[in-house]
Structures are given as C-alpha cells and as structure tokens.
Amino acid sequence: MGYKFSDRILFNSEIEFEHASTGKGGEVSVEFGYLEMKPWKNAGFRAGMLLVPVGFLNELHEPPIFHGARRPDVESAIVPSTWRENGAGLFGEAGSLSFRAYLVSGLSSAGFSASGIRGGRQSGARSKSEDFAVTGRLDWTGLGGLLLGASFFSGRSGQGATVGETEIGGRLTLVEGHLQYQWRGLELRALGARSSLEDAALINAQNSLAGAKSVGEAQYGYYLQAAYDVMSLRPSGPWSVTPFVRYERLDTQDGVPAAFQEDPATARTLVTAGLGVKPLPQVVLKADYQRARNQARTGVSQLNLAVGYLF
C-alpha cells in the first residue's frame, strides 16, 4: 500500500500475512514501510523500515520474480532475505548507474548460530540500536541486457551485550557481487557473497554455543543460474514456459574460533532444476527437484511445488 503526497513525496509499504493464522504460528508484519522524498531529479531520501539493498532477491522477492519454488539457499543463509531494518539514507541514479546508501540498526548477535546470521535480524520491531550499520549498493546497466553490481553491509552486532565484563563488538561485514545477462528468452545470473564476524568466541559464550555449534568467523556462498523462456521462440500472448537450472555452494562455518569445531553439515552443495509456467506475468506455477549434499552426508533431496502470484 502506498500514497503519493506530491510529485516529490510518497509513502511505500508492504504488509504481510504469513503462515495463515497468528493463532497457529503465523504473523502479520510490515515487510517495509518508508517515506520517500526526492527534492532532486536524480537523487532522493528514504526513512523508515527499509529493505537492506543486498543481493538479487531481498528488494524483489515475490514468487513470480524468481525461478524455483524456493529462494536460493545462498540468499537465505548467507544473505538473510527477507532482511529489513529501521533506518534512513539516500538513493538515486546517474545515467547507467544506480545507488542506495543507508544507515540502519545493526544485527543482534544474540540470534547468531552455526546456521548463520539469519537469526540476528531485528526487523524493526523493538530493534536495539546500541550499534548501527551502514549498507550500500551500486548497479551498472550500461550494456544492453547486462546488469553488474555489488553491495555491502557492515556494523557491530553486540547491541550492548557483555560476557563477564567484556562488551561484545561482533562487527559483521558482508560483501556481495552479482551479475545478470538477459537476451530474448535467455537469462543468466551469478551471485557471490562472503561475510566475516569479529568476537565469535564471545558470541558463542553469549549464546551458550559449544563444540560444533559455534558461529562461523566467516561465511560464504555463491550460485550460478541459467533459464530460458521457450515461448520466446514462438510467442503466444503473455504465456511463458521457463526451464531453469541452478548450482549453489555455501558454508556458514567457514572457520570457527580456537577450541571449537566445524560442523560438516554446514558446508553444502545444491543443484536445482525445474520449470516455471506463467499464463500471466503476475501468476506462476512452479515445480523443481533439488539435489542436496553436504560434507556430513546428511543432505536431503526434495521435490518442490508452488503456486505464486503478485498483485
């Protein structure tokens, strides 16, 4: 929902109902909600609940937009989509370049675990702001069909917590690069992300984590994806039929503090192949098969089916 106060001031928001019922584990939440002011032709200001501008899917994450019934694991565990936070900052464009740069409340190390930083998202509601973070993104579209960009997030995550008399800093620095090429029905996409975390041993003590349950001092992930809309060969109205394949590799424990062990199950590889059928651009039927492997040999492969829509 949104409202345009004038040609230069507007409000954008998304209110989300998840898992059907708040009485059975679901929730109603504001996905984003911000005031946007654009006093200049090519730049403006945003403030409120902002989507962190990292990765392909965090800002554009609706089902008809991405391939596959599930989001890539890299953009869930390494880039913890959907990721939003209270903050303010600038956005704009200059020719083929576009940018976003925000100051936001930082993550909370109280939610970190061996599975990554996802549990540290504060999501605006009662966010602690003892520690702030800066985040930004730059994209270039100067060549037809090509998108090339990078983003980052950096800030302390301790939020005033202490272990004994030692305050946790817990600076988390995440850098990400992405590339996409589109030509007729072809779409090629690549993304890589890596993060580092300070004070991992203190965070383990804060969260009572021992042995192979340690948070990672570093995390990384990347994926490569190819898709082709076969209806581009013989167009038939708005229909699209798009097979795709995606290869992912990630590890949320790419290094742990001394005296802790890495869990081999956190280093995993996924290969996903499937099909998306759209009778209209806003409606999609999806099916894919996902082959999952990890160093502990406990990966579970699965078939995914989904119906998605956007309005």
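Above this text sits the structure in question.
Residues numbered from 1 in each chain as written. Predicted model: local features only at pLDDT ≥ 70, side-chain atom pairs only at ≥ 80, totals over all residues. Heavy atoms only, no water.

(A) Just the pairing of strand β8 (residues 146-155), in detail. Extensive coverage of β8 is indicated by the burial of 7 of its 10 residues. When strand β7 (residues 132-140) meets β8, the two strands line up antiparallel, connected through 8 bridges. Among the inter-strand pairings, threonine 135 is bridged to a residue of β8, identified as phenylalanine 153. Where β7 folds back on β8, the antiparallel hairpin that results is connected by 5 residues, among which glycine 145 adopts a positive phi of roughly 85°. For β8 and strand β11 (residues 172-183), the ladder comprises 10 bridges, and the chain directions are antiparallel. Looking at the pairing, glycine 149 lines up with histidine 178 of β11. (Buried < 20%, exposed > 50% of the residue type's maximum accessible area, 1.4 Å probe, protein only. Helix = DSSP H or I, 4+ residues; strand = E, 2+ residues; numbered from the N terminus. Pairing = 2+ DSSP bridges.)

(B) Up close: a nonpolar patch on the surface. A cluster of nonpolar side chains, Leu97, Leu138, Trp140, Leu143, Leu148, Leu179, Tyr181, Trp183 and Leu188, forms an exposed patch at the surface whose accessible area comes to about 780 Å². Secondary-structure elements contributing two or more residues to the nonpolar patch are β7 and β11. It is β11 that contributes the most residues to the nonpolar patch, 3 residues altogether. Residue placement: leucine 148 occurs in strand β8. Overall, leucine 148 belongs to the partly exposed group, its relative accessible area being 40%. (Patch = residues over 30% accessible without salt bridge, like charges linked within 9 Å, V, L, I, M, F, W, Y side chains within 5 Å. Areas by Shrake-Rupley, 256 points an atom, 1.4 Å probe, with all protein chains shown as cover. Salt bridge = Lys/Arg side-chain N within 4 Å of Asp/Glu carboxyl O.)

(C) Looking closely at the pairing of strand β15 (residues 267-280). Pairing of strand β14 (residues 240-251) with β15 involves 12 bridges; the strand directions are antiparallel. For serine 240, the partnering residue across the bridge sits in β15 and is lysine 278. Bridge count between β15 and strand β16 (residues 283-294): 11 bridges; the pairing is antiparallel. If you follow leucine 275 over to β16, its bridge partner there is alanine 287. Taken together, β15 and the strand that follows it, β16, pair antiparallel across an intervening segment of 2 residues.

Geometry only, nothing functional implied.
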